[in-house]
Amino acid sequence: MSLTKALLSFLLTKNMYGRIPDSNKNEFNIELINLNFDRSRKTNLVLLGVSLILLLIDVLNKQKGLWMPGSKYLFYTHILMILVPLILLLFFSINIGDNPKHTQKKLFFVMLFAYFLSLDSTLTSIIDQHIHGQITVYIIGAYLIAVMNNFKPLTSLGIFLINYSIFVIGITFVQENPVVLRGHYVNGTLIAVVAWFLSVILYYAKVRDFLSKKTIEYQKGELEKANQQLTATNCKLQESLSALDESQNIIFTLALALESKDPYSHGHSDRVADYALELARSLNLSEVDQVNIYRAAILHDIGKIGIPDAILNKPSALTSEEWSIMKSHPERGGNICSKLNFAREILPIIRHHHERYDGKGYPDGLCGEKIPFLARLVSIADTVDAITSSRPYRSAGTFEQVLEELQKYAGTQFDPVLVEAFIAFYHAKG
Ligand SMILES: [Fe+2]
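Within any chain, residue numbers begin from 1 and follow the written order of that chain's sequence. Totals for whole chains, interfaces and linings use every residue, but because this is a predicted model, local features are given only for residues with pLDDT of at least 70 and side-chain atom pairs only at 80 or more, for both listing and counting.

(A) The overall build of the protein, seen in detail. Strands are runs of DSSP state E lasting at least 2 residues, helices are runs of H or I lasting at least 4, and numbering of each runs from the N terminus. Of regular secondary structure, the protein possesses 16 helices and 0 strands. Radius of gyration means the value over C-alpha atoms here, while the globule rule gives 2.2 Å times the residue count to the 0.38 power. For 430 residues, the compact-globule estimate of 2.2 N^0.38 gives 22 Å, and the C-alpha radius of gyration of the protein, at 48 Å, exceeds that figure by more than 25%. Projecting the C-alpha coordinates of the protein onto the three principal axes gives extents of approximately 140 × 50 × 40 Å. Counting the 430 residues in the protein, one finds 29% classified as buried. Residue pairs qualify as contacts under a 7 Å threshold applied to their C-beta atoms, which are placed from the backbone. Across the protein, contacts joining residues at least 24 apart in sequence account for 68% of those joining residues at least 6 apart. Any residue surrounded by 20 or more other C-beta atoms within 10 Å of its C-beta is treated as buried, while 12 or fewer makes it exposed and the intermediate range makes it partly exposed; C-beta atoms here are placed from the backbone.

(B) Broad picture of the packing of helix 15 (residues 399-408) against helix 16 (residues 416-429). For helices, the axis comes from a line fit to the C-alpha atoms of the stretch in contact; other axes are also lines fit to C-alpha atoms, and the angle between any two N-to-C directions lies between 0 and 180 degrees. Interhelical geometry of helix 15 versus helix 16 gives an angle of 160 degrees and a closest axis separation of 10 Å. Put simply, helix 15 runs roughly antiparallel to helix 16. The crossing of helix 15 and helix 16 is left-handed. Residues Phe399, Leu403, Leu406 and Gln407 of helix 15 form the contact with helix 16, whose participating residues are Val419, Phe422, Ile423 and Tyr426. Nonpolar residues are Ala, Val, Leu, Ile, Met, Phe, Trp, Tyr, Cys and Pro. Charged residues are Asp, Glu, Lys and Arg, and all others, Gly as well, are polar. Each residue belonging to the contact of helix 15 with helix 16 can be placed in one class, and the counts come to 7 nonpolar, 1 polar and no charged. Each angle is binned into one of four classes, with values under 35 degrees roughly parallel, values over 145 roughly antiparallel, values of 65 to 115 roughly perpendicular, and all other values oblique. Each crossing gets its hand from how the near helix is turned against the far one by less than a right angle, where anticlockwise is left-handed and clockwise is right-handed.

(C) Looking closely at the environment of threonine 383. As for its placement among the helices and strands, threonine 383 is situated in helix 14 (residues 373-388). It is 100 Å that separates the C-alpha atoms of threonine 383 and alanine 142, two residues lying 241 residues apart in sequence. Ignoring anything within four residues of it in the chain, the contact list for threonine 383 reads Glu405 and Leu406.

(D) Representation of the environment of isoleucine 349 in the model. By the secondary structure assignment, isoleucine 349 is in helix 13 (residues 347-351). Taking the number of C-beta atoms within 10 Å as the measure of exposure, isoleucine 349 has 30 and is therefore buried. When the C-alpha positions of isoleucine 349 and alanine 375 are compared, they lie 4.4 Å apart, and in sequence the two are 26 residues distant. Residue contacts for isoleucine 349: discarding those within four places in its chain leaves Asn292, Ala296, Pro372, Leu374, Ala375 and Val378.

(E) Focus on the packing of helix 3 (residues 71-92) against helix 4 (residues 103-131). Taken N-terminus to C-terminus, the directions of helix 3 and helix 4 make an angle of 170 degrees; their axes are 10 Å apart at the nearest point. On the basis of their axis angle, the class for helix 3 and helix 4 is roughly antiparallel. Judged by residue contacts, Ser71, Tyr73, Leu74, Thr77, Leu80, Met81, Val84, Leu88 and Phe92 of helix 3 engage Lys105, Phe109, Leu112, Phe113, Phe116, Asp120, Leu123, Thr124, Ile127 and Ile131 from helix 4. Class assignment of the residues belonging to the contact of helix 3 with helix 4 gives a composition of 14 nonpolar, 3 polar and 2 charged.

(F) Geometry of unusual backbone geometry. Note the cis peptide between tyrosine 362 and proline 363, where omega equals 10 degrees. The residue proline 363 is located in the loop between helix 13 and helix 14 in this model. Of note in the backbone geometry, asparagine 284 takes a positive phi value of approximately 55 degrees without being a glycine. As for its position among the elements, asparagine 284 is in the loop between helix 8 (268-282) and helix 9 (287-299). The class of asparagine 284 is exposed, set by 8 C-beta atoms lying within 10 Å.

(G) Geometry of the domain arrangement of the protein. What marks off one domain from the next here is an automatic or database domain assignment. Partitioning the protein into domains gives domain 1 (17-226) and domain 2 (261-429). The C-alpha centroid of domain 2 is placed 93 Å from the C-alpha centroid of domain 1.

(H) Examining the nonpolar core more closely. By convention the nonpolar core is taken to be a set of buried residues drawn from Ala, Val, Leu, Ile, Met, Phe, Trp, Tyr and Cys and joined through C-beta atoms within 7 Å. Ranked by size, the top nonpolar core spans 35 residues in total, and within it Ala276, Ala296, Ala297, Leu377, Val378, Ile380 and Ala381 carry the most contacts. Counting residues per element, the ones that place at least two in this core are helix 7 (178-261), helix 8, helix 9, helix 13, helix 14, helix 15 and helix 16. Phe37, Ile135, Tyr138 and Ala195 belong to the second largest nonpolar core, which has 32 residues in total.

(I) Region of the structure containing helix 9. Expected helix span is taken as 1.5 Å per residue step, with the number of steps being one fewer than the number of residues. If you check helix 9, its first and last C-alpha atoms are 19 Å apart, about what 13 residues at 1.5 Å a residue would give, namely 18 Å. The complete set of buried residues in helix 9 reads Asn292, Ile293, Arg295, Ala296, Ala297, Ile298 and Leu299.

(J) View of the environment of arginine 391. Mapped onto the elements of the fold, arginine 391 is located in the loop between helix 14 and helix 15. For arginine 391, a count of 13 C-beta atoms within 10 Å translates into the label partly exposed. Along the primary structure arginine 391 and isoleucine 169 are separated by 222 residues, whereas in three dimensions their C-alpha atoms are 123 Å apart.

Here it is in structure tokens:
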């Protein structure tokens with residue numbers, strides 16, 4: 001791309017640094033006016049001070065007889081440079097704060113001061129043609145306006161065009177040396193173009209800053225929203241956990257209530273849970289499996305709550321009809337726990353804890369690997385506690401008897417791999 005095309009592209013493309021959205025235009029304009037007003041007011045004060053010094057120098061020069069042709073007109077411009085800033089100071093510096101009602105008044109001040117500065121610097125340079133032929137003040141004025149204000153490109157173009165037109169007309173009439181005049185035409189044109197170009201660059205830099213600020217504000221807002229949502233979700237999670245604790249407590253209390261129906265099964269659920277958990281840990285099962293095996297072991301016989309006490313506590317052998325009712329407890333347990341969200345994972349363990357490895361168990365007669373792994377594990381823990389607990393018809397057995405029983409029925413009632421694991425765990429534990 002050629003330099004000309006690049007320049008045209010720069011000047012004509014509004015989106016170069018991004019575009020202010022319609023919803024933010026008003027805010028951006030107010031920010032711009034406030035910024036320009038603040039800078040113009042300070043510059044106005046500085047100008048007043050400089051003008052007073054220049055006026056003093058004029059008076060001293062006059063007394064010394066150093067006035068040249070044109071010094072009189074310079075003297076007048078210096079008086080103007082005192083009067084106008086004083087008027088502006090009186091009318092626009094008092095009682096103007098951050099009140100949005102004063103925005104138009106601020107804009108008026110900014111435009112008035114910019115045009116005054118432009119006109120004054122140009123007039124001074126025209127008068128200077130009588131004295132030393134330089135255009136220094138015109139240059140200072142043009143760049144001061146470009147740097148001091150963040151005007152929109154068309155606004156600054158208007159100011160620089162007027163400034164430039166007065167400059168060209170003025171020096172044409174005042175400067176008599178054609179060589180110097182040609183130099184001023186060239187330099188004056190370059191100064192006007194470059195000053196305007198600088199003004200445009202500074203304006204779009206301001207646009208970019210504003211958009212960056214808005215982006216940060218938007219992202220901060222989004223972050224706060226996400227944070228609030230996270231807090232709300234966390235609260236809900238806490239509530240759910242509390243509800244879960246409550247439902248667990250209720251069902252675990254039911255398991256205790258069940259044990260109170262049968263004095264000989266007191267503490268059975270807890271002991272089965274402990275055996276099952278220790279075995280699970282020795283097998284390096286996951287945390288989730290450990291939690292599930294513990295819960296399932298606590299609740300494995302919860303279905304017995306629906307079995308009549310006469311059957312549950314019958315001291316003699318059960319009839320076939322009573323036995324079939326007794327054998328329904330894994331299924332009943334599954335049904336009771338099926339309504340609990342936290343127990344969904346453990347329903348198969350509760351239902352199948354009386355399955356046998358050879359398929360002769362109940363309720364579904366599953367065999368081998370078809371029996372859920374954790375149900376096979378609970379089955380062993382259940383047997384360990386059954387043998388080592390006393391019953392109305394026999395006293396408590398020893399762990400040696402447990403090992404014999406497990407080995408005897410490994411492959412028929414129990415998973416042989418888990419039997420081996422339990423024996424290894426028992427010996428390791430000592
Ligand atoms: Fe059972």
